[in-house]
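Take a look at the letters that make up each chain.
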Amino acid sequence: MASAASAPPTSVNLKRIVAASLIGTTIEWYDFFLYGSAAALVFNKLFFPGSDPLVGTLLSFLTYAVGFAARPLGALVFGHYGDRLGRKKLLVLSLLLMGGATFAIGLLPTHATVGAAAPVLLTTLRLVQGFALGGEWGGAVLLVSEHGDAKRRGFWASWPQTGAPAGQLLATGVLSLLTATLSDDAFTSWGWRVPFLLSGLLVIVGLWIRLSVDESPVFKQALAQAEARKAMRTGEAEKLPLVSVLRHHWRDVLVAMGARMAENISYYVITAFILVYATTSAGVSKQTALNAVLIASAVHFAVIPAWGALSDRVGRRPVYLLGAAGVGLWMFPFFSLIDTGDFANMVLAVTVGLVLHGAMYAPQAAFFSEMFATRMRYSGASIGAQFASVAAGAPAPLIATALLADYDSSTPIALYVIAAVVLTLIAVGVAKETRHRDLTEVDADDAAQPTAAPTADAHTA
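Residues numbered from 1 in each chain as written. Predicted model: local features only at pLDDT ≥ 70, side-chain atom pairs only at ≥ 80, totals over all residues. Heavy atoms only, no water.

You'll find the chain entered in an unreviewed UniProt entry as Putative proline/betaine transporter, with Streptomyces sp. R21 given as the organism. Listed in UniProt under the heading Function (unreviewed entry), the comment for the chain reads: "May be a proton symporter involved in the uptake of osmolytes such as proline and glycine betaine." The annotation that UniProt attaches to the chain under Sequence similarities (unreviewed entry) is "Belongs to the major facilitator superfamily. Metabolite:H+ Symporter (MHS) family (TC 2.A.1.6) family." (UniProt positions renumbered as here; feature names shortened; annotations may be inferred.)

Right under this line is the structure:
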């Protein structure tokens, strides 16, 4: 018999939970992607002047990568307290940190004003962004996963994932509008600050919605059970979530990290590096490149829930494997289409790439949530996802730009993405299917047995 905590919520309540996670995640990704786009377009000139244009871009992307370095720390801190105090409190904090750092970037003095202090301040705020985002993702997807019912968990949990393309769409759309209406001098002088300052208004909206939702019922139940066990076991301290994850779920952490390699690397090559490649190698304007990403991001947003729904029918692994293999096969056609310099071909290249990426990204939320026990789920999902980002998404634009500078060819970049795809195919290929698991049954006691041992149907809802 299902517990009250695991009973499906009302449609209205679930939609409010999804909206809170989606809007907050959209704002956080808007802030994060805004930096990536600005790094490719203006930060190399404003904060790293005097360098060769491509070298300046490399330095700019280096500060971009620094934000990823802070993600694991955010995953550890937010995961720990999210498993101890609840998902909602930590999600509010992550939104405040990310929004505050982004707003502050819009007020930063440039190198021309304060010299070397400018890139130092920029890097510091980028670290705050990365720290906040490291804790955001796990909490947002868990809040939805733990409210929803098992039969449609893939679909509902995929909605916070649409925050990434929604944030990309919003950030790219604002930048595209500004670059279309302002001269290059005006955009470089002050126009680039506008989207960063807009983050302050978005955070107010996000906080209002996020504060209105309830804590996860699955977490409340697990917390009550933990308190009951603690009362019966006088003097026995509860293990830290991180210790429990590394003891009981280390295989799942490795699977999650491997699964992220192709998804993370391909995404930043397709959406961030393209702004460099298209303008330097394909000879198109930055406005054209931005518009291509803008259109493709809209399609990406639309297909993610569809991929999530498909994972509820056929499983997380088949959909994920399809996306990974598809991205690997698409890399050479991707660059060939961009090399034509034709806008329609560029839109096709980015759109197909993001549609295939969505097949990995959509089931990821439910897949990772279903791997871990409730009282270590925030830590486990966050650690697996964010530690991988240091090796995957963090250096992806940097490595791609360096390969372009060294070889003046897209071939090494395509092979780089394909190598990541191979790692993901191996990781997801050896993982167990999780779509039938009841999150309330995967408790801390069950976690003592590795998930590689039982079949997926052992936890049928």
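1. Some details on the overall build of the chain
Each helix and strand counted, the chain has 19 helices and 0 strands in total. Partitioning the intrachain contacts of the chain with sequence separation of at least 6 by distance along the chain shows that 86% fall at a separation of at least 24. Working note: accessible area of the chain is about 16500 Å², and carbon and sulfur atoms make up 68% of it. (Helix = DSSP H or I, 4+ residues; strand = E, 2+ residues; numbered from the N terminus. Contact = heavy atoms within 4.5 Å. Areas by Shrake-Rupley, 256 points an atom, 1.4 Å probe, with all protein chains shown as cover.)

2. Comments concerning the packing of aromatic side chains
Tallied over the entire structure, the rule returns 16 aromatic pairs. Measuring from centroid to centroid gives 5.9 Å for Phe273 and Tyr277, while their planes differ by 40°, and the two rings are tilted. Separated by 4 residues within a single helix, Phe273 and Tyr277 lie in helix H13 (residues 250–280), roughly one turn from each other. One exposure class covers both Phe273 and Tyr277, and it is buried. Ring centres 6.0 Å apart and planes at 40° place the aromatic pair Phe367 and Phe368 in the tilted group. With a relative accessible area of 0%, Phe367 lands in the buried category. Among the aromatic side chains, those forming a connected cluster through ring pairs are Phe43, Phe47, Trp192 and Phe196. (Phe/Tyr/Trp six-rings, centres within 6.5 Å; stacked < 30°, edge-to-face > 60°. Buried < 20%, exposed > 50% of the residue type's maximum accessible area, 1.4 Å probe, protein only.)

3. Examining the pattern of salt bridges
Evaluated as defined, the whole model comprises 8 salt bridges. Two residues, Arg316 and Asp312, come together in a salt bridge whose shortest N-O distance is 2.8 Å. Note on Arg316: relative accessible area 0%, which makes it buried. For Asp312, a relative accessible area of 13% puts it in the buried group. A salt bridge links Glu370 to Arg316; its shortest N-O distance comes to 2.7 Å. (Salt bridge = Lys/Arg side-chain N within 4 Å of Asp/Glu carboxyl O.)

4. Here we look at the packing of helix H15 (residues 316–339) against helix H19 (residues 411–430)
Helix packing geometry: the angle between the two helix axes and the distance between the axes. Contact pair H15 / H19: the axes reach a minimum separation of 9 Å and the direction vectors enclose 170°. Put simply, H15 runs roughly antiparallel to H19. For the pair formed by H15 and H19, the contact residues are Arg317, Tyr320, Leu321, Ala324, Ala325, Val327, Gly328, Met331, Phe332 and Phe335 on the first element and Thr411, Ile413, Ala414, Leu415, Val417, Ile418, Val421, Thr424, Leu425, Val428 and Gly429 on the second. (Axes fitted to C-alpha atoms, helices over the stretch in contact; angles between N-to-C directions. Parallel < 35°, antiparallel > 145°, perpendicular 65-115°, else oblique.)

5. Describing helix H10 (residues 193–210)
When the terminal C-alpha atoms of H10 are compared, their 26 Å separation across 18 residues agrees well with the 26 Å that a helix rising 1.5 Å per residue should span. Within H10, burial applies to Arg193, Pro195, Phe196, Ser199, Val203, Gly206, Leu207, Ile209 and Arg210. (Expected span 1.5 Å × (residues − 1).)

6. With respect to the side chain of Ser158
As for its position among the elements, Ser158 is in helix H7 (residues 153–161). Aside from chain neighbours lying at most four places away, what touches Ser158 is Arg153, Ile304, Pro305, Gly308 and Ala362.

7. A few points about a nonpolar patch on the surface
On the surface, Phe103, Leu107 and Leu197 cluster together into a nonpolar patch covering about 250 Å² of accessible area. Along the chain, the position of Leu107 falls in the loop between helix H4 (87–105) and helix H5 (111–114). (Patch = residues over 30% accessible without salt bridge, like charges linked within 9 Å, V, L, I, M, F, W, Y side chains within 5 Å.)

8. Thoughts on the side chain of Asp252
Position of Asp252 among the secondary structure elements: in helix H13. Salt bridges are absent for the buried Asp252, whose nearest opposite-charge side chain, Arg437, sits at 5.6 Å. Polar side-chain contacts of Asp252 include one of 2.9 Å to the side chain of His249. (Lys, Arg positive; Asp, Glu negative; His and termini not counted. Polar contact = N/O pair within 3.5 Å; in protein donor to acceptor, adjacent residues only side chain to side chain.)

9. A few points about the environment of Glu28
Relative to the helices and strands, Glu28 is located in helix H1 (residues 11–46). With 108 residues separating them along the chain, Glu28 and Glu136 place their C-alpha atoms 7.9 Å apart. Residue contacts for Glu28: discarding those within four places in its chain leaves Ser94, Leu95, Met98, Ala132, Leu133, Glu136 and Arg210.

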